[in-house]
Amino acid sequence: MPSAPPFRAPSGTHDVLPPESARWQALVGRFAALAGQAGYGLVVNPVFEDLGVFQRVGEGTDVVRKEMYAFEDRGGRPLALRPEGTASVVRAYVQHRPTTPWKVWYAAPSFRYERPQAGRYRQHHQLGVEVLGSVDADVDVEVVVLAAELFGALGVRRVTLALNSMGDDACRPGYVALLGAFLDERTDQLCAEHRQRAGEQPLRVLDCKRTECREATAGAPRMLDHLCTACDAHFRRVRDGLDALGIGYQLESRLVRGFDYYTRTTFEFAATALEGAQNAIGGGGRYDGLVEELGGPPTPGIGFGIGIERLLLACDAEGALRLPEATVDVWVVDAVGGAAARDLSWSLRRAGVAADRAFDERSLRAQMKLADRSGARLAVIVGADEQASGTVSLRQLRGNDGAQELVARDRVVARVRELLA
RNA sequence: GUGGCCGUAGCUCAGUCAGGUUAGAGCGCCGCGUUGUGGUCGCGGAUGUCGGGGGUUCGAAUCCCCUCGGUCACCCCA
């Protein structure tokens, strides 16, 4: 007698069950194929890391300052569930020092303690790639195009790409000083939060969506106008590459993104078919200082993350990724106790035929209903007569007027294969 | 973390505003019509502590408070 269940998935988490889980499989499978085809290997990282790994990477960011699942294990070690994928991959790079360029992809959960809503979860899942060890602008292009290709392969068309460059150590400090001076003169025009924090995070103010900040920064200096020669050339090559490959984008000088580690190229994909505010389906950028930050040798890097849940919502909104219902080829109906179903189903499966059966000695009628609903094309039926004569009845369930034939038990697999061919 | 809305069978929902006999529908599920045959059709059946807890009342799905969950916006981002 069911009553209110004592437990449910924690707030902001969710179960993925069949048939929805098949879409996950398909999505990850497509991505794995695309990444593999481009020379990326799978990386699997721990779901928690030393707390310091993430603190080092984003001490000025909301994600790290107020959204982390941080805890101590029984040995008193400070740990945290990963809030994003890049830090773990970079930590693994520093630890193992693979030869470069190191091109990897992952599909893994991330954890952020936020107020849940549609498309925003406390445990969500990301597909991502990282490339470590190359400053080549063509890597930036490869990474961005890879994400775009995934959307295309899935049939998600209504996607916009925002592109920006954050500069590097040579030009960013000067720009930030310029921006800081600009903001200092109009602190009182900013929103409440940034009136306090504009000094420490001037770039954040550009990203603020509040109208006060928007208006106050309308005439602010743009990073893109202050790139040094090297960053400007790099950015130009990135844009040329995207143009050559037919990937459209919009320059977005306000695109700052949520992590401190970005340098040069940053980008964000939004699904415009999504109604809600949570329409960013992927984003990333270059992080040429991050490996050193985590104790490795100077090594440039770039990567992106794509939110699986949001991407699936975008698929829904566009009617993409509609999968046919999963079916087996054959359903084994056994009215004589179950042993025949047990043996025949495995004979078929061992021969590569997808087969299923009922349990619990259901009535013949009930088993036939299940056979029908399963979508199987054939029913293998064993009743008392077949049992006695060492045969089975093979019935066609899809069309052919339910044509039925009697087949010797040792010829079942061969005949089934013929009929399915 | 802040604010608005919502929470009735497995699913989608009616009933809540004006508290009152055993809480309903459709779909799905199970069984039977056919003790050896599915799809259609017909008949029958099961399942709800009306999210949870407390309160008001003779009486609460319905009113009040708290809480949990969802959702929308802010914020942030995938």
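What counts, and where the lines are drawn
Residues numbered from 1 in each chain as written. Chains lettered and ligands numbered in written order. Predicted model: local features only at pLDDT ≥ 70, side-chain atom pairs only at ≥ 80, totals over all residues. Heavy atoms only, no water. Buried < 20%, exposed > 50% of the residue type's maximum accessible area, 1.4 Å probe, protein only. Helix = DSSP H or I, 4+ residues; strand = E, 2+ residues; numbered from the N terminus. Contact = heavy atoms within 4.5 Å. Core = buried A, V, L, I, M, F, W, Y, C linked by side-chain atoms within 4.5 Å. 1 Å grid on protein atoms, 1.4 Å probe; cavity = no way out; pocket = protein on both sides within 12 Å on 5 of 7 lines; lining within 4 Å. Points joined across faces, edges and corners; volume = space filled by probe spheres on them. Nonpolar A, V, L, I, M, F, W, Y, C, P; charged D, E, K, R; others polar. Phe/Tyr/Trp six-rings, centres within 6.5 Å; stacked < 30°, edge-to-face > 60°. Lys NZ or Arg CZ within 6 Å of the ring centre and 35° of its normal. Pairing = 2+ DSSP bridges. Axes fitted to C-alpha atoms, helices over the stretch in contact; angles between N-to-C directions.

Draft legend 1. Summary view of helix α4 (residues 86-96). Of all eleven residues making up α4, nine are buried, and the element is well covered by its neighbours. Among the residues of α4, those classed as buried are T86, A87, S88, V89, V90, R91, A92, Y93 and V94. Structurally, α4 contributes buried residues whose contacts are with β2 (48-50), α2 (51-58), β5 (102-111), β6 (123-132) and α11 (290-293). Downstream of α4 by one or two residues, R97 has phi in the positive range, about 50 degrees.

Draft legend 2. Representation of the nonpolar core in the model. In terms of nonpolar packing, the biggest core is built from 92 residues, with V143, L242, F269, F304 and L311 touching the most fellow members. In terms of residue count, the dominant contributor to this core is helix α5 (residues 137-154) (twelve residues). Once residues lying within four places of it in the same chain are set aside, the contact partners of L242 are V141, V144, V145, L163, I247 and Y249.

Draft legend 3. Structural detail: unusual backbone geometry. With an omega of 5 degrees, the peptide bond running from P18 to P19 counts as cis. Among the secondary structure elements, P19 is positioned in the segment before α1 (20-37). Not every positive phi belongs to a glycine, and D360 is a case in point at roughly 65 degrees. Residue position: D360 is located in the loop between β13 (355-357) and α14 (364-374).

Draft legend 4. Broad picture of empty space enclosed by the protein. Per the stated rule, a full pass over the model turns up one cavity of 30 Å³ or more. By volume, the largest cavity is sized at about 30 Å³. Tallied by class, residues from the lining of the largest cavity come to six nonpolar, three polar and no charged.

Draft legend 5. Region of the structure containing the environment of R204. Tracing the chain through its elements places R204 in helix α8 (residues 202-207). Expressed as a C-alpha distance, the spacing of R204 and R257, which sit 53 residues apart in the sequence, is 8.4 Å. Setting aside chain neighbours within four positions, we find R204 in contact with G60, T61, H194, V256, R257, G258, F259 and D260.

Draft legend 6. Structural view of the packing of aromatic side chains. All told, the structure shown has nine aromatic pairs when counted by the stated rule. Taken together, F31, W105 and F304 form an aromatic cluster joined through their ring pairs. When the ring centre of Y113 is taken as origin, the NZ or CZ atom of R122, which lies over that ring, is 3.9 Å away.

Draft legend 7. Representation of the layout of surface pockets in the model. In this structure, the second largest pocket encloses a volume near 560 Å³. Along its surface, the second largest pocket is lined by 29 residues, and R172, D260, Y261, Y262 and T263 are the ones closest to its centre. Elements that contribute at least two residues to the lining of the second largest pocket include exactly α2, α6 (172-184), α8, β9 (263-271) and α11. Along the lines of polarity and charge, the residues of the lining of the second largest pocket split into eleven nonpolar, five polar and 13 charged.

Draft legend 8. Region of the structure containing the sheet that holds strand β4 (residues 78-81). In spatial order, the strands read β2-β4-β3; together these three strands make up an open sheet with antiparallel pairing. In the strand order of this sheet, the two ends are held by β2 and β3 (70-72), each with one partner. For this sheet, the mean angle separating the axes of adjacent strands, direction not counted, is 35 degrees. For β3 and β4, the ladder comprises three bridges, and the chain directions are antiparallel. Bridge pairing in β4 places F71 opposite L79. Relative to the sheet, α2 contacts β2, β3 and β4, its axis offset from that of β2 by approximately 80 degrees.

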